[in-house]
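The residues making up each chain are set out below.
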Amino acid sequence: MRIKSINPYTEEVNWTYDSFSYEECESMIENSRTAFSGWSSLSVEERTKYFSRVGKVLRQNAEIYAEIITKEMGKPIRQSRDEIEKCAWICDYYAENAAEFLKDEVVDIGAEKSYVTFEPLGVIFGIIPWSFPFEHVFRFAVPSMCAGNVCIIKHASNVPASALEIEKIFLEAGFPENVFNTLLIDSKTAMEIIEEELVDGISLTGNIDGGSEIGELAGSLVKPLVLELGSSDPFIVLEDADLERATQVAAKSSFLNTGQSHIAAKRFIVLETIAVDFIEAFELEMQELKIGNPMDEETDIGPLAKKEFLDSLERVLKDAKKKGAEPHVYGEEHSKGFFFRPTLIPAASTDMKVCNVEVFGPIAPVITVKNEDEAVKVANATEFGLGAEIWSRDLEKAQRLAKRIKCGSVAINGMVKSDPRLPFGGVKKSGIGRELSHYGLKEFVNIKTVVVNK
């Protein structure tokens, strides 16, 4: 089978590759298992030196990698550069902190000696999405490899060049062969790899359907698992919010990566007393967005990553119109490229699909509520629980509300974003487990108790 990398702006084929057979994958994973023996025997300090080198390689070649991202999935080039820098930051962070995080924890229970130690599990399988084709790989692989595991990835089929380039980065930084490997495979082959117990742990970033299927299989095989799935993140605006700042961040949070992000603001929940002012200010911000060629330095919104996403968004919009919505659409039409113009739904209702499913694109529904209690109720009325944003000048009040929101991350007067210093993940159907920080570092380790008696 041939895997095609298609440019979402030109609709032309960038590159084509042959996919790997199951037998080729089996051989590569066996090589990874052999590499695990040597890699895991190194001290944490020895392993982290490699990640300092990776950070340097990323920064030295940032423009090359950013262009690959933009050509493969349409991300505006400035945002692609930011993604590469984020990957380098992840490497720097673990290079500086992993040894401390993985130190034995001494616990005095009255024995001669007792401690908790953290040992790697083996071969960890990362199933990676296209939305942040470099960052998602690095935030999975770097902590896992720092802990002494080796990693293989199955990347999304529309970003094969990104997947292969990342493998080259680790080799250029001097990593031993097969500590990190890329498999160009389809979902069926990925499931076979898990079913045959070729791997020791699985990390998936994707949607609920994929997460449920992988979770069921991993559970039946008793394999450790991290899932980062969908979202419908609320953006709550209270009466005392700084509307100028809130609407600036609203536009950035909703339309970053053309709205193709799990942590994009997806439902704007606004107190009715300020709703008119918020919508007017939000519209002004949207009118300033430049839509077009993602290789243009001035572009804010590029095309969607795949043509089929256009139909998905149109269905959501059709449902909203059927239920009374009058969408406001911004920007020019494009005759070529997978463009979907930024759309505001100023009087959205909670029965609309746009307020219930994960919308992966530039649509912003605004829901008005009477009071803060209703805002919390609407925010929690979803099967997801990844992130949330709360806007208020009363920081104590905002923090009280934050405790009531069922999600993995809350930003008060700011934008939800991943940060290697903080754990990232969700609750409910947004997933299980955590990435990043010292929590993510310990997802794929054996937390072993050792008690020494005389």
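Above this note sits the structure.
Everything numeric in this text was worked out from a predicted model, so none of it was measured.

Definitions and cut-offs
Residues numbered from 1 in each chain as written. Predicted model: local features only at pLDDT ≥ 70, side-chain atom pairs only at ≥ 80, totals over all residues. Heavy atoms only, no water. Helix = DSSP H or I, 4+ residues; strand = E, 2+ residues; numbered from the N terminus. Rg over C-alpha atoms; globule rule 2.2 N^0.38 Å. Buried < 20%, exposed > 50% of the residue type's maximum accessible area, 1.4 Å probe, protein only. Areas by Shrake-Rupley, 256 points an atom, 1.4 Å probe, with all protein chains shown as cover. Lys, Arg positive; Asp, Glu negative; His and termini not counted. Charge placed at Lys NZ, Arg CZ, Asp CG, Glu CD. Phe/Tyr/Trp six-rings, centres within 6.5 Å; stacked < 30°, edge-to-face > 60°. Core = buried A, V, L, I, M, F, W, Y, C linked by side-chain atoms within 4.5 Å. Contact = heavy atoms within 4.5 Å. Pairing = 2+ DSSP bridges. Expected span 1.5 Å × (residues − 1). Polar contact = N/O pair within 3.5 Å; in protein donor to acceptor, adjacent residues only side chain to side chain. 1 Å grid on protein atoms, 1.4 Å probe; cavity = no way out; pocket = protein on both sides within 12 Å on 5 of 7 lines; lining within 4 Å. Points joined across faces, edges and corners; volume = space filled by probe spheres on them.

Colleague: Break down the overall build of the chain for me, with residues and values.
Modeller: The secondary structure content of the chain amounts to 14 helices and 18 strands. Against the compact-globule benchmark of 22 Å for 454 residues, the chain has a radius of gyration of 23 Å, which places it among compact chains. Viewed in the frame of its principal axes, the chain has a C-alpha envelope of about 70 × 60 × 40 Å. Looking at the chain residue by residue over its 454 residues, the buried ones come to 57%. In the structure as shown, the chain presents an accessible area of about 19300 Å², 48% of it carried by carbon and sulfur atoms. Positive and negative side-chain charges in the chain, numbering 51 and 72 respectively, have mean positions lying 2 Å apart.

Colleague: Tell me what's going on with the packing of aromatic side chains, and back it up with residues and numbers.
Modeller: Counted by the stated rule, this structure contains 19 aromatic pairs. With centroids separated by 5.0 Å and ring planes inclined at 50°, the aromatic side chains of Phe235 and Phe268 adopt a geometry described as tilted. Separated by 33 residues along the polypeptide, Phe235 in strand β10 (residues 234-237) and Phe268 in strand β11 (residues 267-271) bring together distant segments of the chain. Like Phe268, Phe235 is buried.

Colleague: Residues and numbers for unusual backbone geometry, please.
Modeller: Most peptide bonds take the trans configuration, and most residues that are not glycine carry a negative phi. Backbone geometry at Val222 places phi at a positive 55°, although glycine is not the residue there. With respect to the helices and strands, the residue Val222 is situated in the loop between α8 (208-221) and β9 (225-228).

Colleague: Could you give me a rundown of the nonpolar core, with the residues and numbers involved?
Modeller: Ranked by internal contacts, the top residues of the largest apolar core, which has 87 residues, are Phe51, Leu58, Phe138, Met145, Phe175 and Ile193. Per element, the largest residue contribution to this core is 10 residues, and it comes from helix α4 (residues 77-101). The residues touching Phe138, leaving out its near neighbours within four places in the chain, are Val54, Leu58, Cys87, Ile90, Cys91, Pro143, Ile166 and Phe170. Counting residues in hydrophobic clusters, the runner-up holds 61 residues, among them Val237, Ala250, Ala398 and Leu401.

Colleague: Provide a residue-level description of the pairing of strand β2 (residues 13-18), including the pertinent values.
Modeller: Where strand β1 (residues 2-6) meets β2, 5 bridges bridge the pair, whose relative direction is antiparallel. Residue pairing in the sheet places Arg2 in a bridge with Asp18 of β2. Counting the residues that bridge the hairpin from β1 to β2 gives 6 residues, and of these Glu11 lies at a positive phi of roughly 65°.

Colleague: Help me get a handle on the environment of Glu374, residues and values and all.
Modeller: Tracing the chain through its elements places Glu374 in helix α12 (residues 372-380). The sequence separation of Glu374 and Leu271 amounts to 103 residues, and the corresponding C-alpha distance is 9.2 Å.

Colleague: So what's going on with helix α9 (residues 243-255)? Which residues, and what values?
Modeller: For α9, spanning 13 residues, the distance from its first C-alpha to its last is 18 Å, which sits close to the expected 18 Å at 1.5 Å a residue. Turning to α9, its buried residues number three or more, namely Leu243, Ala246, Thr247, Val249, Ala250, Ala251, Ser253, Ser254 and Phe255. Those residues of α9 that are buried are in contact with β10, β11, α10 (275-287), β14 (363-369) and β15 (387-391). The backbone nitrogen of Glu244 lies 3.2 Å from a side-chain oxygen of the residue at the head of α9, namely Asp242. Two residues or fewer past α9, Asn257 is found with a positive phi of approximately 60°.

Colleague: I'd like a description of the layout of surface pockets, backed by residues and values.
Modeller: Roughly 1100 Å³ of internal volume is contained in the largest pocket. Along the walls of the largest pocket sit 36 residues, with Trp130, Gly206, Asn207, Ile208 and Phe309 positioned nearest its centre. Those elements that provide at least two residues to the lining of the largest pocket are α7 (187-195), β8 (201-205), α8 and α11 (308-322). If you add up the space inside the second largest pocket, you get close to 710 Å³.

Colleague: Got a sec to walk through the pairing of β14? Specific residues and values, please.
Modeller: Burial analysis of β14 places 6 of its 7 residues in the buried class, which makes it a mostly covered element. Note: β11 against β14, 4 bridges, orientation parallel. The residue bridging Phe268 from the neighbouring strand is Val366, located in β14. Bridge analysis of strand β13 (residues 343-345) against β14 gives 3 bridges, and the strand direction is parallel.

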